[in-house]
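Listed below are the residues making up each chain.
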Amino acid sequence: MSKMNRLATRLGALSGCSKQTPSTSSHSCLCLARVLLPPFLTSPDGARPITVKAYREAQAKKAERAAAEERKRNSQPPPLPLHVQRACGLFRRALLDKNIEMALPNYRIIASQHYLHALTISELHELFTILADSQDTIESPELSVIELMRVVYSDMMDRRNPQANIPEDVYGRFIRLYSRIQDTERLTAVWEQMLRDGVVPSLSTYNLALRAFLKHGLLDKVQAVFDLVDSRKDVRPDDDTYLALIRAYAKAGNYDAAIRTFNRVLDLNIKVNKVLVNAVIRAAGKVGNLEGMRDLLDWMRKNHLHPNRTTYDILIAAHARADRVEEAISIFGAMREDAARHSQHPLSNDPPIPSTTTYNILLHMFAKQKDLNEVDKVFAKMLESGVQPDAVTITTLITACLDSDDITRGEKYLGLMDTLKVEPDASVFNAMINLYGGIGDLHKAASMYDLMVERGVAPDRYTFRALILKHGGNADLAGAMRWYNEMRKRRMSADHDTLKALMRYHDLAGSGIKVLREIFVDGVKAGRVSSQLCDQLLSSEIKAGMSVTEAVETVYEQQYRKRGIQPTAQTLQMLVLTALTRRVNGGKGLGNQMSVEGGAGSGAAGGETTKAWTETLLEAANKLEAGKKAEVAGNQGQDVAAERQTVRVPTLAEKAYDRREADALLRVYGDLAATGQSLKPVLQEKFAALMEMLTGDKTVTVQT
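Please read all numbers here as calculations on a predicted model, not as lab measurements.

Participant: Can you walk me through the confidence of the model for the protein in this structure?
Facilitator: Any segment with low pLDDT has predicted coordinates that should not be analysed in fine detail. Chain-level pLDDT for the protein is 82 on average; 79% of the residues reach the 70-or-more range. Low pLDDT (under 50) marks residues 17–23, which in the prediction has 6 contacts with non-local residues, meaning those over four places away or in another chain. Low pLDDT, under 50, characterises residues 631–654; the predicted model gives this stretch 29 contacts beyond four residues in sequence or across chains.

Quick look at the structure:
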């Protein structure tokens with residue numbers, strides 16, 4: 001009898017089942033045993049019983065697994081190596097002492113051994129703060145330290161609790177540093193990263209971001225940040241927030257939006273200060289709304305906000321830009337009167353006493369008017385008032401001498417630097433280079449470069465621009481290239497006007513297409529490519545023998561279309577001019593008449609060249625039309641001998657259809673039309689005639 005049957009028999013005896021037949025008793029007791037026995041002694045389906053031993057073994061394994069999991073949860077990390085323990089101790093001591101020289105090497109030891117888990121997030125944050133503080137005290141932040149701060153930030157992200165955010169000031173420090181090094185790309189990226197990380201900025205962080213974006217002219221970002229803070233119900237924008245927004249509108253020249261924002265500030269009963277009102281006045285001055293500026297000045301006085309020095313400077317500068325000289329002088333007089341009243345009865349802690357900036361504005365106004373006598377009077381009054389001139393003052397005085405080529409007066413002003421103990425900058429010497437270069441004295445212009453280097457003043461981009469343009473404008477192309485190469489040695493990139501002038505000089509000198517391509521490539525590397533540079537390259541390639549079709553399929557496709565440069569009417573006019581004249585002149589181009597525009601600084605020459613293009617284009621088109629009419633008349637048996645003496649009939653080669661060239665020109669025309677530009681009506685008509693000549697199809701139409 002099995003163990004189960006014996007157990008069932010015992011249970012049956014206990015339950016009074018012994019009187020039944022053996023078979024019935026055994027079956028009934030077995031069923032009763034299965035009901036009364038614990039489920040763990042039977043298989044899951046109840047059909048196969050298991051032993052108590054197997055149950056105990058299973059329970060023991062289960063308990064062992066639970067204990068292992070408990071130990072795992074409560075287990076401590078393995079002990080740190082002694083050198084890592086020592087590094088952690090020194091690191092924490094360095095944090096207490098704010099000793100960055102000690103903290104960094106020990107942090108690197110801990111990180112290199114992969115024991116960052118031994119440091120808490122608060123300790124990493126403290127290290128980040130010390131690194132950021134070290135950059136606040138220097139003029140130019142170190143890129144290597146900023147990169148190290150990014151590494152620490154990454155370590156903090158790895159160590160943070162999923163439910164906790166990185167401290168808000170970490171992002172604020174990055175915003176401030178990237179703003180200082182003018183890295184707008186990373187500035188924008190860190191702001192967006194903060195929002196993605198779930199950090200809810202405080203009002204101070206919003207204002208910090210607004211100021212940073214405003215500083216670098218990212219006006220769309222300023223508006224986006226303001227909209228974000230304005231949409232929150234738990235944060236209320238303050239006067240600093242609205243100040244940044246108004247200044248952004250002023251930069252964009254949107255006075256209407258600035259005045260609307262100012263009225264909103266008044267409606268919200270936010271305290272208005274002079275800085276805020278000055279920002280609105282500046283916005284009005286940016287668009288030349290002088291009446292609006294005066295209204296705001298009256299509002300200040302009515303509300304007991306006494307105008308300060310900045311208020312008057314903005315007003316004087318706006319009237320000077322508008323050539324309202326008498327009104328500017330009147331405002332300056334009112335400023336001096338306010339300053340005199342303040343000296344007797346102080347009205348505020350910011351008196352409107354004329355400063356160096358005030359006198360510089362007046363000097364610039366009279367220099368613009370070419371009134372050297374008034375320039376001298378203002379400068380004398382400046383010295384009489386005890387106002388110290390600066391480098392801008394000397395630069396403005398020298399610049400006033402440019403139109404009259406008054407070398408003697410300019411040299412006198414330059415000599416005042418030492419007398420008045422003015423610290424010079426590059427702009428002073430740049431003005432003298434322009435002055436000497438204006439009279440063709442290139443030797444003295446170059447001596448100014450030597451003098452500034454001798455005095456420890458670093459030349460800037462405008463120094464080399466002045467030297468290049470003056471040498472090139474005086475037909476010294478070798479000298480211009482010498483200064484251009486010196487500029488490149490100093491790892492400076494030329495600005496757009498300098499590159500354009502150099503290409504123009506080489507084009508006129510016939511230096512060859514290779515050097516023009518090299519200068520153009522420099523422009524590409526410096527990010528200064530424009531339609532004007534592309535037009536000059538296109539013109540030079542055509543002059544070098546490239547066909548119109550090849551010029552469009554190579555230069556136009558690679559330099560205009562791929563770079564997103566929009567063609568101008570001048571671009572198409574140049575191509576049409578080439579196509580027409582080559583047909584008239586038997587395949588020869590126009591030579592130097594194909595130049596894009598006049599030399600740098602000679603706008604009149606550029607206009608005359610463009611006018612000459614138009615006249616040549618019309619002349620060529622008229623010749624073609626006259627030749628076509630003469631041929632038709634000859635076919636009709638008419639006597640056109642007299643006409644044939646003055647107008648050459650196009651040859652068969654000239655009349656040969658060129659659908660590929662027509663498609664190339666139509667491609668440029670389509671891009672031009674997409675920009676909303678068009679040719680003048682008379683040129684539009686000639687262009688349509690050229691399309692008919694190239695295709696032989698009168699149905700090819702050019703839409704205006």
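Don't stop here, the text continues.
Participant: Teacher, can you tell me more about helix α12 (residues 239–251) here?
Facilitator: For an α-helix the count is 3.6 residues per turn, leaving residues at separations of three or four pointing the same way. The first and last C-alpha atoms of α12 sit 18 Å apart over 13 residues, in line with the 18 Å expected at 1.5 Å per residue. Here α12 has its buried residues at Thr241, Tyr242, Leu243, Ala244, Leu245, Ile246, Ala248, Tyr249 and Ala250. Buried-residue contacts for α12 involve α10 (203–215), α11 (219–231), α13 (255–267) and α14 (274–286). Backbone nitrogen of Asp240 and a side-chain oxygen of the N-cap are separated by 3.2 Å at the start of α12; the cap is Asp238. Gly253 lies just past α12 and shows a positive phi near 70°.

Participant: Looking at this structure, I do not really get the pattern of salt bridges. What am I missing?
Facilitator: Two side chains bearing opposite charge may form a pair once their charged atoms approach each other closely. Applying the stated criterion to the full structure yields 30 salt bridges. Across the pair Lys221 and Glu192 runs a salt bridge, and its minimum N-O distance is 3.2 Å. Linking Lys221 in helix α11 with Glu192 in helix α9 (residues 184–196), this pair joins segments that are 29 residues apart in sequence. Taking relative accessible area as the criterion, Lys221 reaches 24% and is therefore assigned partly exposed. A residue is classified by how much of its surface remains accessible, and Glu192, at 33% relative accessible area, is partly exposed.

Participant: I'm lost on the environment of Ala248 in this one. Help?
Facilitator: Mapping Ala248 onto the fold places it in helix α12. Along the primary structure Ala248 and Leu214 are separated by 34 residues, whereas in three dimensions their C-alpha atoms are 6.1 Å apart. Sequence-distant contacts of Ala248, defined by excluding residues within four places in its chain, comprise Leu214, Leu219 and Val222.

Participant: Just to check I follow, could you spell out the packing of aromatic side chains for this structure?
Facilitator: Under the counting rule described, the total for this entry stands at 14 aromatic pairs. Between the aromatic rings of Tyr153 and Tyr171, the centroid separation amounts to 5.8 Å while the plane-to-plane angle is 75°, which identifies the pairing as edge-to-face. Of the two residues, Tyr153 sits in helix α7 (residues 143–159) while Tyr171 sits in helix α8 (residues 168–180), which places them 18 residues apart along the sequence. In this structure Tyr153 comes out as buried when scored by relative accessible area, which is 15%. Owing to a relative accessible area of 1%, Tyr171 belongs among the buried residues under this scheme. Seen from their ring centres, Phe262 and Trp299 are 5.4 Å apart, and the 80° between their planes marks the pair as edge-to-face. With Phe262 in helix α13 and Trp299 in helix α15 (residues 290–302), this residue pair connects regions lying 37 residues apart in the sequence. Since its relative accessible area comes to 3%, Phe262 is described here as buried. One aromatic cluster is present, formed by Phe128, Tyr153, Tyr171, Phe174 and Tyr178 through successive ring pairs.

Criteria and cut-off values
- Residues numbered from 1 in each chain as written.
- Predicted model: local features only at pLDDT ≥ 70, side-chain atom pairs only at ≥ 80, totals over all residues.
- Heavy atoms only, no water.
- pLDDT = per-residue confidence, 0-100.
- Contact = heavy atoms within 4.5 Å.
- Helix = DSSP H or I, 4+ residues; strand = E, 2+ residues; numbered from the N terminus.
- Expected span 1.5 Å × (residues − 1).
- Buried < 20%, exposed > 50% of the residue type's maximum accessible area, 1.4 Å probe, protein only.
- Polar contact = N/O pair within 3.5 Å; in protein donor to acceptor, adjacent residues only side chain to side chain.
- Salt bridge = Lys/Arg side-chain N within 4 Å of Asp/Glu carboxyl O.
- Phe/Tyr/Trp six-rings, centres within 6.5 Å; stacked < 30°, edge-to-face > 60°.

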